Amino acid sequence: MNAAALDRSVAERLAVVRERIARAGGVDVSVLAVTKLFSIDHCWSAHRAGCAAVGENYAQEVVAKFASRLEPGAAPLPFEVHFIGQLQTNKVRQLASLIDVYESVDRLSLVSELSKRAPGAAVLIQAACLHEPGKGGCPIEDVPALVDAARTAGLAVRGLMTVGPTTGGPDAARAGFRVVRALVDALELDICSMGMTDDLEVAVQEGSTQVRIGSALFGERPVSAASVR
Ligand SMILES: *Cc1c(COP(=O)(O)O)cnc(C)c1O
């Protein structure tokens, strides 16, 4: 697809996503364009269509895609890059100057590593809204303490993030989303990042302020990053 066609396609698909958000009753819900396994061109198209930020999952891919940010004299990107994948502490150092918001902070070791390598970084605490293994996320009951620890370590805690269940259909996510939104309010945070392509309506109904959308914007994801480099 050439650049103009990609721009047109992403803009049309974003309009559909915004309409889905509006029909679900969403006001001021931002769309994080999830560009994992897609090219940098997709990031730019999302930006031109009006997305303020893109979301990435894999440290190696972030370095490959955005390393030019680090070249002397490089112009700053006009959009933010958010890290939304499971993050190993040993990857933080190489990400430090490439990521604007870490959305998947779910444990103390990550808080300490971030406070060392990216002092003052903006973060969301990832809450596990259900006990589904392998997705990361801090157990709900431990979230307030982790928020406190992150603040004490000098990180700027902007809100909470959660990933709904992959099985059971969109409604399976509702109860967990409700719990996470209630916690955002109780902790007086601003951002509640929840909802993806398949469950955005439920997330918006339950009070999401940011949905993270990949396939609805860009189509089916390539299976491997190798095909987009
Ligand atoms: C991949 C991913 C998304 C986007 O998923 P889609 O179903 O393509 O919209 C959102 N959030 C996280 C944490 C992801 O890993």
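Residues numbered from 1 in each chain as written. Predicted model: local features only at pLDDT ≥ 70, side-chain atom pairs only at ≥ 80, totals over all residues. Heavy atoms only, no water.

Caption draft 1: Looking closely at the pattern of salt bridges. A full pass over the atoms with the stated rule returns 13 salt bridges. A salt bridge links Asp106 to Arg107; the nearest nitrogen and oxygen atoms lie 2.8 Å apart. Residue classification places Asp106 among the buried positions, given a relative accessible area of 14%. Across the pair Glu206 and Arg174 runs a salt bridge, and its minimum N-O distance is 2.9 Å. Of this pair, Glu206 sits in the loop between helix 8 (200–205) and strand 9 (210–213) while Arg174 sits in helix 7 (residues 174–186), and the two are 32 residues apart along the sequence. Residue Glu206 is classed as buried on the basis of its relative accessible area of 11%. Here the salt bridges do not stand alone but share partners, grouping Asp171, Arg174, Arg178 and Glu206 into one network. (Salt bridge = Lys/Arg side-chain N within 4 Å of Asp/Glu carboxyl O. Buried < 20%, exposed > 50% of the residue type's maximum accessible area, 1.4 Å probe, protein only. Helix = DSSP H or I, 4+ residues; strand = E, 2+ residues; numbered from the N terminus.)

Caption draft 2: How the structure looks around the pairing of strand 5 (residues 122–128). A large share of strand 5 lies buried, amounting to 7 of its 7 residues. Residues Ala122, Leu124, Gln126 and Ala128 point to one face of strand 5 and Val123, Ile125 and Ala127 to the other, with burial holding for every one of them. Note that strand 4 (residues 101–105) and strand 5 share 3 bridges and pair parallel. Within the sheet, the bridge partner assigned to Val101 lies in strand 5 and is Ala122. In this sheet, strand 6 (residues 138–139) lies alongside strand 5 in parallel orientation, the contact comprising 2 bridges. (Pairing = 2+ DSSP bridges.)

Caption draft 3: The arrangement of the packing of aromatic side chains in detail. According to the stated counting rule, one finds 2 aromatic pairs in the structure shown. The interplanar angle of 85 degrees and the centroid separation of 5.3 Å between the aromatic rings of Trp44 and Phe79 together place this pair among those described as edge-to-face. One end of the pair, Trp44, is in helix 2 (residues 40–49); the other, Phe79, is in the loop between helix 3 (59–66) and strand 3 (80–83), and 35 residues separate them in sequence. Classification of Trp44 as partly exposed rests on a relative accessible area of 28%. (Phe/Tyr/Trp six-rings, centres within 6.5 Å; stacked < 30°, edge-to-face > 60°.)

Caption draft 4: Representation of helix 6 (residues 143–152) within the structure. Those residues of helix 6 that fall on the buried side of the exposure criterion are Val143, Leu146, Val147 and Ala150. What you see down the axis of helix 6 is that its buried residues fit within an arc of 105 degrees, all on one side. Helix 6 presents Ala145 and Thr152 as exposed residues on the side facing more than 90 degrees away from its buried surface. Among the structural elements, strand 4, helix 5 (108–117), strand 5, strand 6, strand 7 (156–161) and helix 7 are those in contact with the buried residues of helix 6. Where helix 6 ends, the next residue or the one after it, Gly154, has phi of about 90 degrees, a positive value. (Arc of directions from axis to C-beta. Contact = heavy atoms within 4.5 Å.)

Caption draft 5: Up close: the site of the ligand. Every residue close to the ligand is listed here: Val34, Lys36, Asn57, Ile84, Val163, Met196, Thr197, Arg212, Ile213, Gly214, Ser215 and Arg221. A distance of 2.5 Å separates an oxygen atom of the ligand from a polar atom in the side chain of Thr197. In the environment of the ligand, a nitrogen atom lies 2.9 Å from a nitrogen or oxygen atom belonging to the side chain of Arg212. Protein burial of the ligand: of its 390 Å² of free accessible surface, 90% is covered by the chains. Among the residues forming the shell around the ligand, the class breakdown is 5 nonpolar, 4 polar and 3 charged. (Near = heavy atom within 4 Å. Polar contact = N/O pair within 3.5 Å; in protein donor to acceptor, adjacent residues only side chain to side chain. Areas by Shrake-Rupley, 256 points an atom, 1.4 Å probe, with all protein chains shown as cover. Nonpolar A, V, L, I, M, F, W, Y, C, P; charged D, E, K, R; others polar.)

Caption draft 6: Expanded view of helix 2. Among the residues of helix 2, His42, Cys43, Ser45 and Ala46 are the ones counted as buried. The buried residues of helix 2 occupy an angular sector of 165 degrees when the element is viewed end-on, so they sit on one face. Contacts made by the buried residues of helix 2 are with helix 1 (3–23), strand 1 (30–34), strand 2 (53–56), helix 3 and helix 9 (215–218). The first or second residue beyond helix 2 is Gly50, which carries a positive phi of 120 degrees.

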